[in-house]
Amino acid sequence: MSPLGECPLDPGGYFVVKGNEKASVMSSTEMTKSKTIIRMEKEKVYLVLNAFTSKVPIMLVMKAMGMETDQEVVQMLGRDPQYATLLLPSIEDCASIGIYTQLQALEFLEKKDEGALGVLRDIFIPNIRVGGIKSPVRENNFHLKCVYVVVMLRRMMDAILNKDAMDDKDYIGNKRLELSGQLLSLLFEDLFKSMNDQVKFNVDKILSKPSRSSRFDVSQHLLKESITVGLERSLSTGNWDVSRFKMHRKGMTQIVTRLSFIGAFGSMTKISPQFEKSRKVSGPRALQPSQWGMLCPCDTPEGEACGLVKNLALMTHVTTDEEEGPIISLCTCFGVEDLSTLSGEELHSPSSYLIILNGLILGKHRRPERFANVMRKLRRAGKVGDFVSIYVNEKQRCVYIASDGGRVCRPLVIADNGVSRIKDHHMRELKDGVRNFDSFLREGLIEYLDVNEENNALIALYEGEATHETTHVEIEPFTILGACAGLIPFPHHNQSPRNTYQCAMGKQAMGNIAYNQSLRSTVSLNEAMSDGYLDLPFGLSSTAATDDENNRAAGQNATVAVMSYSGYDIEDAIVMNKSSLDRGFGRCIVMKKISAAYQKYDNTSDQFSSPCRSQHDQIQILDNDGLASPGEIIRHQDVYFQKECPIDPKGSMKSHPSQTPYRTSKQTYKGAEGETAVVDRVALCSDKRNNLNVKFMIRHTRRPEVGDKFSSRHGQKGVCGTIVQQEDFPFSERGICPDLIMNPHGFPSRMTVGKMIELLGSKAGVSCGRFHYGSAFGEPSGHADKVEDISETLVKHGFCYNGKDFLYSGITGMPLQAYIFMGPIYYQKLKHMVLDKMHARGMGPRQLITRQPTEGRSRNGGLRVGEMERDCLIAYGTSNLIYERLMISSDPFEVQVCRKCGLLGYINYKSKTRVNFKNISRFLLS
Amino acid sequence: MPKIPLWDLPELPKNQLPPHLYLQKTRVFCNNDAPTHTENIHYSGAYAALGVDNSLRLDEFRKNFKVKVIKLNEEDMEFDLIGIDASIANAFRRILISELPTMAIEKVLVANSSSVVQDEVLAQRLGLVPIKVDPRLFDYMSENDVPNQKNSIVFKLHYKCDRGSGERRTVYSHDLKWLPFGSEYVLPTESSSDSTSKPKTYTSFTSSQDSLPEFANNPITVTPGIIISKLGPGQEIELEAHAVKGVGKTHAKWSPVATSWYRMLPEVILLQDIEDDDAHKLVKKCPVNVFDIEDVGRERATVARPRSCTLCRECIREPGWEEKVALRRVKDHFIFTIESTGALPPEVLFTEAVKILEDKCERVITELS
Amino acid sequence: MEHGSYQDQSASTFSLADEDHTLANSLRFTLNQDPRVALCGYSIPHPSEARVNIRVQTTGDPANEVLKDSCQDLMLICQHVRSTFDQAVVDFKNNNGAENQ
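None of these values were measured; they are calculated from a predicted model.

Further remarks concern the overall build of chain B. The helix and strand inventory of chain B stands at six helices and 16 strands. In terms of overall size, chain B is more extended than a compact globule, its C-alpha atoms giving a radius of gyration of 29 Å where 369 residues would be expected to give roughly 21 Å. Counting only C-alpha atoms and orienting by the principal axes, one finds that chain B spans roughly 100 × 65 × 35 Å. Burial analysis of chain B (369 residues in total) assigns 37% to the buried set. Within chain B, residue pairs in contact and separated by at least 24 positions form 70% of the contacts whose partners lie at least 6 positions apart.

A tally of helices and strands in chain A yields 22 helices and 45 strands. Within chain A, the proportion of its 926 residues that are buried is 38%. Looking at chain A alone, contacts between residues at least 24 apart form 69% of all its contacts between residues at least 6 apart.

Our focus in this paragraph is the environment of Ile37(A). With respect to the element layout, Ile37(A) can be found in strand 4 (residues 36-41). Along the sequence, Ile37(A) and Asn50(A) sit 13 residues apart, while their C-alpha atoms lie 9.3 Å from each other.

Turning to the packing of helix 7 (residues 180-207) of chain A against helix 8 (residues 226-237) of chain A, a few remarks are in order. Residues and elements named next belong to chain A. It is the contact of helix 7 with helix 8, at a shortest axis distance of 9 Å, that shows an interaxial angle of 145°. Between helix 7 and helix 8 lies a crossing whose hand is right-handed. Listed contacts from helix 8 to Leu-187, Phe-188, Leu-191, Phe-192 and Met-195 of helix 7 are Ser-226, Ile-227, Gly-230, Leu-231 and Ser-234. Looking at the contact of helix 7 with helix 8 residue by residue, the classes come out as seven nonpolar, three polar and no charged.

Next up on the list: the interface of chain A and chain B. In this complex, chain A contributes 33 residues to the contact, which on the side of chain B involves 39 residues. Contributing elements (two or more residues each) for the side of chain A that touches chain B: helix 17 (578-582), strand 34 (692-702) and helix 19 (787-796) of chain A. In the side of chain A that touches chain B, the residues fall into 14 nonpolar, 13 polar and six charged.

Below, the discussion takes up the interface of chain C and chain B. The partner chain B presents 36 residues to the 34 residues of chain C that form the contact. Listing elements by their share of the side of chain C that touches chain B, those giving two or more residues are helix 1 (21-33) and helix 2 (63-100) of chain C. For the side of chain C that touches chain B, the leading source of residues is helix 2 of chain C, giving 21 residues. Class assignment for the residues of the side of chain C that touches chain B results in 16 nonpolar, 11 polar and seven charged.

A separate point is the sheet that holds strand 12 (residues 236-247) of chain B. Residues and elements named next belong to chain B. Strand order in the open sheet formed by four strands is 5-12-7-9, with antiparallel pairing between adjacent strands. The strands lining the two open edges of the sheet, one partner per strand, are strand 5 (101-113) and strand 9 (177-178). Inspection of the sheet shows strand 7 (residues 152-160) paired to strand 9 by two bridges, in the antiparallel sense. Its bridge partner lying in strand 9, Lys-156 is registered against Lys-177. Against the sheet, helix 4 (residues 119-127) engages strand 5 and strand 12, with an angle of about 150° to strand 5.

Turning our eyes to something else, we now look at the sheet that holds strand 1 (residues 2-4) of chain C. Residue and element names in this part refer to chain C. Spatial strand order, 1-2-4-3: four strands in an open sheet with antiparallel pairing. Unpaired on one side and paired on the other, strand 1 and strand 3 (37-43) mark the two borders of the sheet. For this sheet, the mean inter-axis angle between neighbouring strands, taken without regard to orientation, is 15°. Bridge analysis of strand 2 (residues 11-17) against strand 4 (residues 51-58) gives seven bridges, and the strand direction is antiparallel.

Between the first and last C-alpha of helix 6 (residues 143-161) of chain A there are 27 Å, a value that for 19 residues agrees with the 27 Å anticipated at 1.5 Å per step. The inward-facing, buried residues of helix 6 of chain A contact strand 4, strand 5 (44-49), helix 1 (58-64), helix 2 (70-77), helix 3 (81-96) and strand 16 (360-365) of chain A.

All names here are of chain A. At a closest axis distance of 9 Å, the pairing of helix 2 and helix 6 adopts a crossing angle of 60°. In terms of their interaxial angle, helix 2 and helix 6 are classed as oblique. The element helix 2 and its partner helix 6 pack so that their crossing is right-handed. Note on element contacts: helix 6 touches helix 2 through Val-147, Val-150, Leu-153 and Arg-154, opposite Val-73, Met-76 and Leu-77.

Residues and elements named next belong to chain A. Along strand 31 (residues 639-646), six of the eight residues are buried, which leaves the element largely enclosed by surrounding structure. Relative to strand 31, strand 29 (residues 607-608) is paired through two bridges, and the arrangement is antiparallel. When the bridges of strand 31 are listed, Phe-608 appears paired with Lys-643. Here seven bridges tie strand 31 to strand 32 (residues 662-668), and the two strands are oriented antiparallel to one another. The partner of Gln-642 across the bridge, within strand 32, is Lys-666.

Once that is clear, we can look at the domain arrangement of chain B. Residues and elements named next belong to chain B. Domain parsing of chain B yields domain 1 (1-100 + 255-271 + 324-369) and domain 2 (102-254). Just the C-alpha atoms count here: the centres of domain 1 and domain 2 sit 42 Å apart. Counting residues at the interface gives 10 residues for domain 1 and 13 residues for domain 2. In terms of residue class, the side of domain 1 that touches domain 2 is made up of five nonpolar, four polar and one charged.

Both strand 14 (residues 291-296) of chain B and strand 15 (residues 298-303) of chain B contribute to a ladder of six bridges, which runs antiparallel. Pairing of Asp292(B) across the sheet is with Thr302(B), part of strand 15 of chain B.

A few words on the UniProt feature "domain: RNA polymerase Rpb2" (unreviewed entry) in chain A. Annotation from UniProt places "domain: RNA polymerase Rpb2" (unreviewed entry) at residues 24-178, 254-318, 355-415, 437-469 and 861-909 of chain A. Structurally, residues 355-415 of chain A is divided into 21% helix and 44% strand, and its ends, taken at the C-alpha atoms, are 26 Å apart.

Glancing now at helix 1 of chain C. Here helix 1 of chain C spans 18 Å end to end across 13 residues, near enough to the 18 Å set by a 1.5 Å rise per residue. Within helix 1 of chain C, 13 of the 13 residues are buried, which leaves the element mostly enclosed by the surrounding structure.

Residues and elements named next belong to chain A. Its identity is not glycine, yet Asn-358 carries a phi of approximately 45°, on the positive side. Of note, Asn-358 is situated in the loop between strand 15 (353-357) and strand 16. With 17 C-beta atoms counted inside 10 Å, the residue Asn-358 sits in the partly exposed group.

Moving on to the confidence of the model for chain A. Residue and element names in this part refer to chain A. Of the residues in chain A, 90% reach a pLDDT of 70 or more, and the chain-wide mean stands at 82. In this model, residues 522-532 is a region of pLDDT below 50 whose contacts with residues beyond four sequence positions or in other chains number 43 contacts. Low pLDDT, under 50, characterises residues 544-549; the predicted model gives this stretch eight contacts beyond four residues in sequence or across chains.

With 247 residues, the main nonpolar core has Ala628(A), Phe92(B), Ile131(B) and Ala353(B) as its most contacted residues. No other element matches helix 2 of chain C, which puts 10 residues into this core. Leaving out residues up to four positions away in the same chain, Ile131(B) has contacts with Met103(B), Ala104(B), Ile153(B), Ile220(B), Val222(B), Ala243(B) and Ala343(B). Grouped together as the second largest cluster of nonpolar side chains are 37 residues, Val45(A), Leu47(A), Leu77(A) and Leu87(A) included.

About the cut-offs
- Residues numbered from 1 in each chain as written.
- Chains lettered and ligands numbered in written order.
- Predicted model: local features only at pLDDT ≥ 70, side-chain atom pairs only at ≥ 80, totals over all residues.
- Helix = DSSP H or I, 4+ residues; strand = E, 2+ residues; numbered from the N terminus.
- Rg over C-alpha atoms; globule rule 2.2 N^0.38 Å.
- Buried ≥ 20, exposed ≤ 12 C-beta atoms within 10 Å, placed from the backbone.
- Contact = placed C-beta atoms within 7 Å.
- Axes fitted to C-alpha atoms, helices over the stretch in contact; angles between N-to-C directions.
- Left-handed = near helix turned anticlockwise from the far one by under 90°.
- Nonpolar A, V, L, I, M, F, W, Y, C, P; charged D, E, K, R; others polar.
- Pairing = 2+ DSSP bridges.
- Expected span 1.5 Å × (residues − 1).
- Parallel < 35°, antiparallel > 145°, perpendicular 65-115°, else oblique.
- Domains from an automatic or database assignment.
- UniProt positions renumbered as here; feature names shortened; annotations may be inferred.
- pLDDT = per-residue confidence, 0-100.
- Core = buried A, V, L, I, M, F, W, Y, C linked by C-beta atoms within 7 Å.

Next up, the structure:
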């Protein structure tokens, strides 16, 4: 990858469409939505199917499918009279309308809807084949379908009789994730079929002509780019409008935010729900216990999408579809008895279990546990796909085998009788690089379990806690967190919402994007940023400890003193040391892409233009070809691009290109006034229409200023309140001067104990010269340092055990009246910077129609004195200010009116002196 | 404390504070929870009710003030200032950090830079490189001044990593070459003018700097060994760096010290005799070996090296120990450290700092009269 | 710049441009040590303006004079510090030189 200029660490997972990186968002659905509903209404059971115009009594359906006797249905439902009682109203209902045979039932249905038998065969529970390609012997044999309906009925009745048997809609095992592959395949199918139809239509039209001049060639009539264009359009807009599948979804893709590596990575693990977010429901938003290890418990946005939008955990794998055929034949080999050989009574016999593969009833098995174990052994041996799950549900007396796509699963260490299969020598080999994760998986030391199969496993958190019954051991507890939450050191000491806030904020931190970040330009964001100097945090977090995070840092280690200082630190503001900023703390580089193009016209085209040096100063950064050269310093209003445009692009077809008149066209740089930026790169390329495109990357290095936003890794954001000279800053007995001062009021209500431990750990790490670790839940396994150990290290190096130092005031020179909690904390600079936001205006542009000030910062718009601002001014008593703002500033307009005719006019200033203005007078409109 | 009737109190000697007040005036008490009595009592009439004059008399100051140099080499210096107020010691520290002028690179003219380090970052790094030159020999350059031999120093950096070598190469600060004749880059506006006269460059030196007696046999150098950039194969850096005089207040690169600070002299007092096991415990507790054990029949703890106390408060952390050991700081004894960046030796820095404070006073006096 | 009244010269505020805690805090010390001073203090009105205001109230003498004297005191202190320091450095160098030999 690297010789080609690509970052070897880039995880991929996104599309590059029209120069933008677009990641498709995974969406979670509630299992595959079936179109068949069996519903109980007023004690009677009906079948609701879209193909039928109205609901159909279930017994009628059973009879239509050939199960004529009520006894058979009741028998299959189970011997327990409870079930029969529940079904009785339906049976009576069927009898009351006088339908007893299959023929009668079909006639009844046919009367309502045409082709009822066909509907029952092809649309009703279509996953169960009633003949056709797969089993020609079973032509129109509805027995399996009847069985399926009865199983459905029984499930429903179980739920009525016993609330516990209800399925949980929010259970992760009942959800499937839709990945971009599935979405794309739908889209492709639609586009392909549309194209075929179109081609067919065109070809038919041509073939229907009586005489043709040339030989017919279908390939000539294939539409060239319809599929490409369609795919591109959907990916770049994110709108999936597939009318063939009644799919109209928006926001399926997102621009990858390239602010930091983890931020980009985190945005690709995002899962959004399919239903609309405005619903006021708590169920789907709540943390699901089945989410453990699969979806991150922290990483979810605040506000309306809270709890609905989720993120994958570190080790989660999302399955893809797998062949069912081999699994079916394997099952039959291992003693699954075919349903058609079983009588109705046996269906629910307590001695045997139903075997269900992806919702398809395969048959029954007498020894389900043994069957499940055999299947699992086959999986560990690699004979069946790694991600096939075998789940024995004892309550429902079923064995579920799942091989479908979209399930989430995660790896676990297999344990035999409570002894982990991974031994010390395995770990040593892993460290030496002889083994890797895949070899562990191949040798059956590790396996993937999905949410359902986890229910059959007894998973120990640590090997030491395993008992005899334990079947699996967790790889590492911190893997329950996602990529963003994994960045927080000691997250298990923090108040939970703080971790959630940090997950949202970590995506805004500026940092290294990839190894090739200096090369990225044409395919990347409009704006990308990175810090000048980045550190690896002294206090490492979960993911940092496992990954090689060095080159993906997104912050710096700042020596923080937790104290009050100067009064410019209220409301979470931080005070920064000017000397630290001078030495490079918190600097960032903002890249901005501007493009320009040489247009082509019918006969002419834009030309290069060599700037005339003797003109004014604004063009001095231009090269001789009229393009700004790389490395030049560019300021506001500087010309960075100059070309020659034909004055009349359309006309003069005949005239020679050299004779067409040209005019010079310039593009000026619009940046912050008073700031200097640098032209980083100039790229020439041609676009779709073969025009020459020029892309300028403008680089702007910024040092922190008052109002820039910073954050530690614990959801503690704050703006820079003031910047203070180093000599005014407090200093310790060792001469250490903090880089920034944070107000202690940030701690009590936020309860971010993790931040305090990070400070302690980093301080100890700095003094003893090794990294201290802060993995989530890492203390028992040694992946996080204990506070006691940290304190011991601190004391050994002459610091106080609690991290508080004796500081002298830099202003008076006397000691401070308290010991100050001081040490390094990893700080991130967030993308919100004052320079991009500050805005003020005295006079400025107005809208043409209303003559009101324009709106927004980009248009140099006005600032509204709203209701509350007005209240303030009234309370303050500045009546003249209010009068001016409300009466004079906006509305009045001076016009010229003719005294004779009363019409409005305007003064032509050029002819002011000569024209007779006696009759015109000024008039103030307001 | 038992109540003692007022008339039973012992007579106090004149012109002397009672011992506890004296202690509070002269010592910072570093208790386990927080330091107390950190403030100096400046007001001359603070103890007037006790008949004690708190005002400062210069002769007394002259008598009591002492300086003791502990360590001194080209870069670092540690010395004791005894018998001076914190506000003045602090003023020296502040001046050292922010108001002593040095020379530092302010302008970088980049002719070619193909390394991965951006020009701005490169310039910032160059700015922080300390230049070993006495700033007193140069003038400040104000806005309208043209750079000349009296107010600027020009360095050249031209470094190339060959494409064939296949190795990365590191550019160090000592690769900066001093140009005593000033800039070699010709102003762009001058390029078209007549070639006979000497073309105008970015600086207008009237004479070469190495003709000056100070630099004749003493070329201007920078602190060597500082990594400036790293070059990959085929990359090149060619630039000119112009250094001017400035103070640390404007930018930290002009600060003549890496840092400079003081600490008050630690005083460790054993309030009770600590013997045997407790003594061993105490010795073991201290990470910097402040305590020793002396054998006077019984083993007794003594304070051997109070100066090395870092105030980790480990000795008084456990309950009960605060009554046995007192950690204090002497308010008028400063252990002052100067870490010079190399422009001037630390002892010169300090005298210069004191001079600047004098100048400030003089300025105020002239302004007032 | 001095802000005071002509009637009562014993109280004044002096506004010093381009100065900060360095001088103001030292002056506060020397002023406070002067028995003629009843009250003194200083403030920096705004952090983005390089200016300190020093308030001096005396027991009767003109504040202006007292401040000047304090500056004088401070200067004398500095001179003494300098001479003592230089002597100490010389002594140290001599001693060390002797030790090295």
